[in-house]
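Notes for the structure review
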Amino acid sequence: MDKVAKTDHSINDLISHRWSPRAFSEKLVPADALASLFEAARWAPSSSNEQPWAYIVATRDVPGEFASMLGTLVEFNAGWAKHAAVLAIAVSENAFAKTGAPNRNAHYDTGAASALLCIEATARGLFVHQMAGFDPEKARQIYGIPAGWEAIAALAIGYAGDPNALPQPYKDRELAERTRKPISEFVMTGKWGHTASFLS
Ligand SMILES: Cc1cc2nc3c(=O)[nH]c(=O)nc-3n(C[C@H](O)[C@H](O)[C@H](O)COP(=O)(O)O)c2cc1C
């Protein structure tokens, strides 16, 4: 399915070809490919090189673990994510490990790690669909996530499936056009609300 971003300015193919499907093939992800996704996350930049991220991963070929992680998702997400080959939960440490001072960029850095993971996935013909719709406290209980760490997003990872096999309401969303705000709305120079001069 062609969901390639229709961009106003040229960007790298890996970015324009990344998108978040709900139709996943049940084909398993080879261990070395999966390891490479987290290797990409590993090399993300972070404030003070703190690397405040962790990922808990459940693969379809370990059914008990997969079902347990699926059970942390809200119903809407579990309805489609149950077909993904891999589920993961991104966890972020809220304070600097060495000093205990609050790390106000921790979520930003964990998001950056997940973004690189998504790009590495695209390069390997894999897709990632991130989710806010899960229960972080349930995840804390199941996995024993320690105090000071917070589960912030779930991820479904796998190969593309058949969008026409999806039930509604997923199918319509899968086939809908991808949209974005114009750059002029969020890139500014000089003063808040003033579109960056290089864009005009
Ligand atoms: C942090 C985060 C949370 C998201 N939560 C959900 C979710 O709970 N359920 C869902 O179906 N999609 C979720 N998405 C996917 C977004 O809806 C999707 O990224 C957005 O619509 C843009 O589409 P694209 O990724 O295909 O470009 C989430 C994405 C991110 C980054």
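Residues numbered from 1 in each chain as written. Predicted model: local features only at pLDDT ≥ 70, side-chain atom pairs only at ≥ 80, totals over all residues. Heavy atoms only, no water.

Residue P169 is bonded to the preceding Q168 through a cis peptide linkage, with omega at 5 degrees. As for its position among the elements, P169 is in the loop between β4 (149–158) and α7 (170–175). With a phi close to 55 degrees, S48 is a non-glycine residue in the positive phi region. Note on placement: S48 falls in the loop between α2 (31–42) and β1 (53–59). For S48, a relative accessible area of 64% gives the class exposed. (Helix = DSSP H or I, 4+ residues; strand = E, 2+ residues; numbered from the N terminus. Buried < 20%, exposed > 50% of the residue type's maximum accessible area, 1.4 Å probe, protein only.)

Before going further, it helps to spend a moment on the nonpolar core. L73, A81, I89 and A156 are the most contacted members of the largest nonpolar core, which totals 25 residues. Elements that contribute at least two residues to this core include exactly α3 (63–70), α4 (75–81), β2 (86–93), β3 (127–131) and β4. In contact with A81, other than residues within four places in its own chain, are F66, L70, L73, L87, M131 and A156. In terms of nonpolar packing, the next biggest core, distinct from the first, is built from 22 residues, L37, A85, V86 and L155 among them. (Core = buried A, V, L, I, M, F, W, Y, C linked by side-chain atoms within 4.5 Å. Contact = heavy atoms within 4.5 Å.)

Neighbouring the ligand are 14 residues, the closest being S20, R22, H129, R178 and R180. A distance of 2.5 Å is found between an oxygen atom of the ligand and a side-chain nitrogen or oxygen belonging to S20. Within the backbone of A132, one N or O atom sits 2.8 Å away from a nitrogen atom of the ligand. Relative to its free-state accessible area of 620 Å², the ligand is covered by the protein chains to the extent of 63%. At the level of secondary structure, the elements contributing two or more residues to the shell around the ligand comprise α4 and β3. Residue classes in the shell around the ligand are distributed as five nonpolar, five polar and four charged. (Near = heavy atom within 4 Å. Polar contact = N/O pair within 3.5 Å; in protein donor to acceptor, adjacent residues only side chain to side chain. Areas by Shrake-Rupley, 256 points an atom, 1.4 Å probe, with all protein chains shown as cover. Nonpolar A, V, L, I, M, F, W, Y, C, P; charged D, E, K, R; others polar.)

Bringing the pattern of salt bridges into the picture now. Across all of its chains, the model carries three salt bridges by this definition. Here R42 and E39 are joined by a salt bridge, their closest N and O atoms 2.9 Å apart. A residue pair is termed a helical-turn pair when its members lie 3 or 4 positions apart in one helix, as R42 and E39 do in helix α2 at three residues. Judged by its relative accessible area of 45%, R42 falls in the partly exposed class. Among the ionic pairs, R140 bridges to E137, the shortest N-O distance being 3.3 Å. Placement of the pair is R140 and E137 together in helix α6 (residues 136–143), with a separation of three residues, close to one helical turn. Its relative accessible area of 23% is what places R140 among the partly exposed residues. (Salt bridge = Lys/Arg side-chain N within 4 Å of Asp/Glu carboxyl O.)

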